[in-house]
Amino acid sequence: MRHLNRSAIGLCLFALFTCCSLPATCPAAVPSSSSSSNSLYSANDNDENFVFAYDHPRNCRSNEYFDVAGFACVECDEQKNLVPSETGASCVCNKYSIYLGQELDSPRCEPCPPGTLLTSDRKSCIPCRKATATVDANNTCSCGPNEIKVERDASGELLKSLRCVQCSESSYPSANGYKCLACHNSSASSHANCACPITSHLRIQDYCFRRNLIDFMDIRNSYLVQFGRESVDSFYLRKELRLSAYLCKANN
């Protein structure tokens, strides 16, 4: 006979009500609706019936998580810098605090000192460089519109303060502001850094080259491939050869 403890059934409940597939180990279950905040969960496991009162995960408030062991919504202690996780199944450190390990059943979190912010890996706090960036009311550090945030040097050591680095003319800042992305994709063509001025540049596919790099090769003959007595126009060479040649010239 298979026996399920409350934690196991709690996991089944959480899976059942968060749009996940019900695990194979879960017994057949039918939740019954209720006008109150609590509902009843009826399960049958090898002819044994279980009935539990439970909170539905959707009834949990923004500062609560669903405890699969107690079938209840439990508050995350804001005084300990805790917030519900993205899945709503536990408490985690908030976006202003470093995770230091577990303390009893909860994460132990330490807030970053004033004037500093949490690094992108959530392992350290770093001061905001006042010359080019400032910590705003939301405790985020903003760089210029064409700059990225650099937290560590090439060896991985944390910098003394966050550094703002400007992206080159052929790249643009990523959405999270932590790296420069090359303009060599169609989605970046609308970015100011990725514009291809027709007076000084030439666009080939999604790449933009300075015209002084371009030497107009004998295009037609470059695409012809000899097969016996026949010359065949290669679609692949027509599409890729010119771009490949200019990428080599541009040292890409």
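Presented here is a report on the structure given in the accompanying data block. Remember, it's a predicted structure, so these values are computed and weren't measured experimentally. (Residues numbered from 1 in each chain as written. Predicted model: local features only at pLDDT ≥ 70, side-chain atom pairs only at ≥ 80, totals over all residues. Heavy atoms only, no water.)

Before going further, it helps to spend a moment on unusual backbone geometry. The phi dihedral of N81 falls on the positive side, at around 65°, and the residue is not glycine. Its location among the elements puts N81 in the loop between β5 (72-75) and β6 (82-84). Overall, the relative accessible area of 16% leaves N81 in the buried class. For R122, which is not a glycine, the phi torsion comes out positive at approximately 65°. Structurally, R122 can be placed in the loop between β10 (116-118) and β11 (125-127). Given a relative accessible area of 37%, R122 falls into the partly exposed group. (Helix = DSSP H or I, 4+ residues; strand = E, 2+ residues; numbered from the N terminus. Buried < 20%, exposed > 50% of the residue type's maximum accessible area, 1.4 Å probe, protein only.)

To continue, consider the state of the cysteines. Summed over the entire model, instances satisfying the criterion amount to 6 disulfides. Between the sulfur of C112 and that of C125 lies a disulfide, 2.0 Å long from S to S. One quick way to see it: the torsion about the S-S bond of C112 and C125 is about -80°, and its sign makes the bridge left-handed. Of this pair, C112 sits in the loop between β9 (106-111) and β10 while C125 sits in strand β11, and the two are 13 residues apart along the sequence. (Disulfide = S-S within 2.5 Å.)

When the terminal C-alpha atoms of helix α3 (residues 235-249) are compared, their 22 Å separation across 15 residues agrees well with the 21 Å that a helix rising 1.5 Å per residue should span. E240, R242, L243, Y246 and L247 are the residues of α3 that are buried. (Expected span 1.5 Å × (residues − 1).)

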